[in-house]
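Structure assessment
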Amino acid sequence: MDLGSGGGVAAGAAWALAAVVTAGWPDINEWSYTHLLSIIETIIGFVLVALALAFRPDDPIAIRIRRGSPWALALAAGLTIWEAVTAKLLWLPPPFFAPPQALLEAYLEDWPRLLECALHSSILLGTGYLIGAAVGFSSGLAIGWSKAAAYWGHPVLRLIGPLPPTAWIPIAFFLFPSSWSASVFLIALATAIPVAILTWSGVSSVPASYYDVARTLGAKQGFLVLKVAVPAALPHVFVGLFMGMSASFVVLVVAEMLGVKAGLGWYLQWAQGWAAYANMYAALLVMALLCSGLVTLLFTVRNQVLSWQKGLVRW
Amino acid sequence: MVAVAIRPEPPANPGMAVAIRNINHHFALHGEHLPVLDTISIEVEPGELVALLGPSGCGKSTLLRLVAGLDQPSSGEILADGVPVTGPDPSRVVVFQDPTLFPWRTVFDNVALGLEAQDRLHKDRHRVGTALQLVGLSHFAKAHPQQLSGGMAQRAALARALVNDPRLLILDEPLGKLDSMTRITMQSELVTLWRRAGFTALLVTHDVEEALYMANRVIVLSERPARVVADVSVDRPYPRGRGDQYLVELRHHLLDLLGLGSNW
Ligand SMILES: Nc1ncnc2c1ncn2[C@@H]1O[C@H](COP(=O)(O)OP(=O)(O)OP(=O)(O)O)[C@@H](O)[C@H]1O
Ligand SMILES: [Mg+2]
């Protein structure tokens, strides 16, 4: 969508309007950050207008602003409506529904804790995911390549694979020395299973002719595995890595809510316990950004590694 | 090219002697016994270029796979320089009917595959460029196989084989996907190359003219299960003219043997 060169200006005006509504229309219950919110909205509005006017219409930055301006406008409109139905009209009453300035308050007053929780979640998720991806990839490769590994691994994978990883929670928290190590195990398991299955299916769908070509050119086992089977299976492996990542998010949140006394999942639970709903929304937003960022990272790596493939799904 | 053809250099690489002795081969297709090769015996002298002609599905590719060592015959034996063939070896390189380039590798890296697999890439890297030049793909070294036409892919597959300096080159309809003009050029280039390098070559083709233009000997196979129907030596010097009267007559003879005589 393109609103023309006036798009940026229109979006800026919408943000200015949001600022006017926020500051000019009195809150029913006083919120301490209403004023700051309107200042931020004003600044965003000015920046948008300034950017729209500063560049010539064919400048790449101007083109980007024009492309983004419908979204900037919609965000301002959404924010205004949200502001109106919460703080100004109380149609959506507190504490279950928080106005934007309450989220601002949550971020500004509780950022050290939120940051710590985000960091904690990232470390837990990263550790579990990387272990799971490595284990899943190597076991999938083994099952796809070696008859012996397939004989033992296939039935196990068939039995355990369909089980939701969260079903292991009671056993894991009981067996592992700490809830953190139990969570790493659960996240690794959730990641490993789809990665293993997809790697295995990728390796077994490599055309036999690839091996024929490599063998007549003098390739030995190691070359056939690392330079033929693995690259040929990579498109499947990345599907597995993506599925494993989604599963790992689920397990991360559940594990943090149930056992680990830190992280964004724990924060959500904690905020709910204190009826701090604004903090809950604030944490939810951080979590969404974190998950989306990680998926974006995975897709970036994939597009780089599989650049030879045509028609990749963009994220 | 022509200069080389008139005054050949001494062969760089002696060709391999291939002895195919009493080969029988069958497959199991849906639990049924499917005989494919019936007591095939062919002796190939070092440096010969032998063409195999036969109807589609008669077992030509199967025979080539056995010579390459990719499969073991149901009975009989194949000797390469007197040594039984038990598996593939880079001295016997195959150009498959389908180019089968690896889509994740560039054309250069595809051609370099054999050198890399044999741990020779660091020392023989320059050969890759030479091979690409030979098949006219120098400008496409960095391209990926999906960016090539069918004929270009086939030429890349040829370069991938040649780069290994094979003593036996096994060609399974290597020119099948080329347009007739490129095909004619590639036929003479292959002959030149073969005469210069001195390798032995086994060439499967559907094209009688191609066989006669290129080969020392033409072996005609029957319908499946394949038997040797005729073993004709083509005793004409290279480079051959396509209108050569002797070759034209031989062509009629071969078409008769293939049961196509009445069509011409
Ligand atoms: N792996 C296999 N399993 C079962 N049957 C096979 C297999 N490979 C080949 N065949 C059968 O063997 C016969 C000969 O096949 P082959 O590929 O050798 O034919 P061809 O002479 O090369 O044919 P074309 O000229 O069409 O390439 C065919 O009937 C085919 O169905
Ligand atoms: Mg064939």
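Computed from a predicted model, the values in this text were never measured in an experiment.

Residue and element names in this part refer to chain B. Every protein donor of the magnesium ion (ligand 2) is listed here as S61 (OG) and Q97 (OE1), and their distances to the metal cover 1.9 to 2.4 Å. In this pair, S61 sits in helix α2 (residues 60–68) while Q97 sits in the loop between β6 (92–95) and α3 (107–111), placing the two residues 36 residues apart along the sequence. The class for S61 is partly exposed, based on a relative accessible area of 27%. Residue Q97 is classed as partly exposed on the basis of its relative accessible area of 38%.

Another point: the pairing of strand β4 (residues 75–80) of chain B. Residue and element names in this part refer to chain B. In this structure, strand β1 (residues 18–29) lies alongside β4, joined through five bridges in antiparallel fashion. Counted as the bridge partner of A19 is L79 from β4. Pairing of β4 with strand β5 (residues 83–84), which is carried by two bridges, proceeds in the antiparallel orientation. Counterpart to A80 in the pairing with β5 is V83. What sits between β4 and β5 in their antiparallel hairpin is a turn of two residues, with D81 showing a positive phi close to 50°.

Moving on, we get to the packing of aromatic side chains. Within the structure shown, the criterion is met by twelve aromatic pairs over all chains. Each ring, one from F242(A) and one from F299(A), has its centre 5.4 Å from the other, and the planes form 90°; the classification is edge-to-face. Separated by 57 residues along the polypeptide, F242(A) in helix α9 (residues 221–258) and F299(A) in helix α11 (residues 277–305) bring together distant segments of the chain. Classification of F242(A) by relative accessible area gives partly exposed; the value is 28%. An aromatic cluster of at least three residues, connected via ring pairs, comprises Y210(A), W308(A), F102(B) and W104(B). One Lys or Arg, R240(B), reaches over the ring of Y238(B) and ends 4.2 Å from the middle of that ring. In this structure, R242(B) packs its charged tip against the face of Y213(B), placed 3.8 Å from the ring centre.

Okay, the domain arrangement of chain A next. Residues and elements named next belong to chain A. In terms of domain boundaries, chain A breaks down into domain 1 (7–93) and domain 2 (102–307). For domain 1 and domain 2, the distance between their C-alpha centroids amounts to 38 Å. On the domain 2 side, the residues contacting the seven residues of domain 1 number six residues. Summing both sides of the interface, domain 1 and domain 2 together bury roughly 520 Å²; the carbon and sulfur share of this comes to 78%. If you look at where domain 1 meets domain 2, you find zero salt bridges. Counting every contact that joins domain 1 to domain 2 gives one residue pair in polar contact (both at pLDDT 80 or more). When its residues are assigned to classes, the side of domain 1 that touches domain 2 shows six nonpolar, one polar and no charged.

Attention now moves to the domain arrangement of chain B. Accessible area lost during the coming together of the parts is what is often quoted as the interface size. All names here are of chain B. Splitting chain B by domain gives domain 1 (1–91 + 167–264) and domain 2 (100–165). Its C-alpha centre places domain 1 at a distance of 24 Å from the equivalent point of domain 2. Between domain 1 and domain 2, the residue contacts involve 16 residues of the former and eleven residues of the latter. Interface area for domain 1 against domain 2, summed over the two sides, is near 1,100 Å², with a carbon-plus-sulfur share of 69%. Of all residues in domain 1, the largest losses of buried area upon contact with domain 2 belong to P90, M186 and L193, amounting jointly to 34% of the total for that side. Counting across the interface, domain 1 meets domain 2 through zero salt bridges. Those elements giving two or more residues to the side of domain 1 that touches domain 2 turn out to be β7 (168–172) and α7 (180–197). No other element matches α7, which puts six residues into the side of domain 1 that touches domain 2. By residue class, the composition of the side of domain 1 that touches domain 2 is nine nonpolar, two polar and five charged.

Here is what the cut-offs are and how they apply
- Residues numbered from 1 in each chain as written.
- Chains lettered and ligands numbered in written order.
- Predicted model: local features only at pLDDT ≥ 70, side-chain atom pairs only at ≥ 80, totals over all residues.
- Heavy atoms only, no water.
- Donors = N, O, S within 2.8 Å, 3.2 Å for Na, K, Ca; no water.
- Helix = DSSP H or I, 4+ residues; strand = E, 2+ residues; numbered from the N terminus.
- Buried < 20%, exposed > 50% of the residue type's maximum accessible area, 1.4 Å probe, protein only.
- Pairing = 2+ DSSP bridges.
- Phe/Tyr/Trp six-rings, centres within 6.5 Å; stacked < 30°, edge-to-face > 60°.
- Lys NZ or Arg CZ within 6 Å of the ring centre and 35° of its normal.
- Domains from an automatic or database assignment.
- Contact = heavy atoms within 4.5 Å.
- Buried area = accessible area lost by both parts, 1.4 Å probe.
- Salt bridge = Lys/Arg side-chain N within 4 Å of Asp/Glu carboxyl O.
- Polar contact = N/O pair within 3.5 Å; in protein donor to acceptor, adjacent residues only side chain to side chain.
- Nonpolar A, V, L, I, M, F, W, Y, C, P; charged D, E, K, R; others polar.

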